[in-house]
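# Structural characterization, general
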Amino acid sequence: MEKITLNHTGEPNKVLVGSFLSRRTTSTYSSTDKQAKVHYSQISGGKREILSIDDDPTNQMVVEDLLIPLGYVVTCAMDGVEGLEILASRDYLPDLILLDVQMPLMTGYEVCAEIRRLYPESLPIIMISANHDESSILEGLNMGSNDYVQKPFSRAQLVARIDTHLRSRDGWMAE
């Protein structure tokens, strides 16, 4: 089944809808599958896509209002399962993922671990959470995130972290 959504420019997006969790048990991903996916910026003339996975519509609007004026394409997923479905349904990866920690169905930690299992390290993940304790931050980093930002966050700091991780990824990919 397909769900049609509109991106920020009003163009239709097609997203496969179904249970990623049930499909995960029957699908296998080889290492060549993982390496075959290019990043959005590699097929879009340099425009960069951020996949924002957060169950709070207000948080999604904040991310869109912050990043779209800066030229980013923002794709929103309202929970971890939908985020994984978006990743699985495409032939390309976003340039970076912003990932909330506290979500229904799957925690951000579980989603992060699954993304790291399926896709390369060249996909930066920044976890965003109201959890400020050291154990939460360490759990996010141990699950494979590249960074951990605490809510409420400074808009300038989040943009700087996104830019830093993308520059780092681009340098790694150029080698």
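Here the structure is shown first, and the text comes after it.
Within each chain, residues carry numbers counting from 1 in the order of the written sequence. Given that the model is predicted, a residue must reach a pLDDT of at least 70 before its local features are reported, and side-chain atom pairs must reach 80 or more before they are shown or counted; all residues, however, enter totals for whole chains, interfaces and linings. Calculated side-chain values reflect all of the structure's heavy atoms, with hydrogen atoms and water omitted.

## Looking at the pattern of salt bridges
Note the following rule: Any carboxyl oxygen of Asp or Glu that lies within 4 Å of a side-chain nitrogen of Lys or Arg is treated as forming a salt bridge with it. A run of H or I in DSSP becomes a helix once it reaches four residues, and a run of E becomes a strand once it reaches two; helices and strands are each numbered from the N terminus. With a 1.4 Å probe rolled over the protein chains alone, any residue whose accessible area is under 20% of its type maximum counts as buried; one over 50% counts as exposed, and the rest are partly exposed.
Counting across every chain of the model gives eight salt bridges. D100 is the salt-bridge partner of K151, the closest N and O atoms lying 3.2 Å from each other. Pair noted here: K151 is in the loop between strand 9 (147-150) and helix 8 (155-174) and D100 is in strand 7 (residues 96-100), with a separation of 51 residues, a long-range link. Exposure class is identical for K151 and D100. Each is buried. Among the salt bridges present, the one from D170 reaches R169, with a minimum N-O distance of 2.5 Å. According to the relative accessible area criterion, D170 is partly exposed, its value standing at 28%. Judged by its relative accessible area of 5%, R169 is buried. Salt bridges sharing partners connect three or more residues here, namely R48, D95, R169 and D170.

## Some details on the packing of helix 5 (residues 80-89) against helix 6 (residues 108-118)
In plain terms, the rule: To obtain each axis, a line is fitted to C-alpha atoms, and for helices this fit is confined to the stretch in contact; angles are then taken between N-to-C directions over 0 to 180 degrees. Each angle gets one of four labels, with under 35 degrees taken as roughly parallel, over 145 as roughly antiparallel, 65 to 115 as roughly perpendicular, and the rest as oblique. In a left-handed crossing the near helix is turned counterclockwise from the far helix by less than a right angle, and in a right-handed crossing that turn is clockwise. Here, residues are in contact when the closest pair of their heavy atoms is within 4.5 Å.
In the contact formed by helix 5 and helix 6, the axes pass within 10 Å of each other and the chain directions differ by 15°. Taken together, the axes of helix 5 and helix 6 lie roughly parallel to each other. Read as a crossing pair, helix 5 and helix 6 show a hand that is right-handed. Mapping the contact onto sequence places G80, L84 and L87 in helix 5 and V111, E114 and I115 in helix 6.

## Observations concerning the nonpolar core
Our working rule: Only buried Ala, Val, Leu, Ile, Met, Phe, Trp, Tyr and Cys residues count toward a nonpolar core, and they belong to the same one when joined by side-chain atoms within 4.5 Å.
I53, L87, I97, L99, V111, I115 and M127 are the most contacted members of the largest nonpolar core, which totals 24 residues. Elements with a minimum of two residues in this core: strand 4 (49-53), helix 5, strand 7, helix 6 and strand 8 (125-129). A total of five residues in this core trace back to one element, the largest contributor, which is helix 6. Aside from chain neighbours lying at most four places away, what touches L99 is I53, G108, V111, C112, I125, I126, M127 and I128. One finds L67, Y72, L98 and I128 within the second-largest nonpolar core, a separate group that totals 15 residues.

## Considering the sheet that holds strand 7
Applicable threshold: Strands are treated as partners if at least two bridges between them are detected by DSSP.
Read from one edge to the other, the open sheet built from five strands follows the order 5-4-7-8-9, with strand pairing classed as parallel. Taken across any chain shown, the strands that pair with only one partner, and hence form the sheet edges, are strand 5 (73-77) and strand 9. If you compare each strand with its neighbour and ignore which way they point, the axes differ by 20° on average. Note that strand 7 and strand 8 share four bridges and pair parallel. Residue pairing in the sheet places L99 in a bridge with M127 of strand 8. Helix 6 contacts strand 4, strand 7, strand 8 and strand 9 of the sheet and is inclined by roughly 175° relative to strand 8. Across the sheet, helix 7 (residues 134-142) touches strand 8 and strand 9, and the angle it forms with strand 9 is around 145°.

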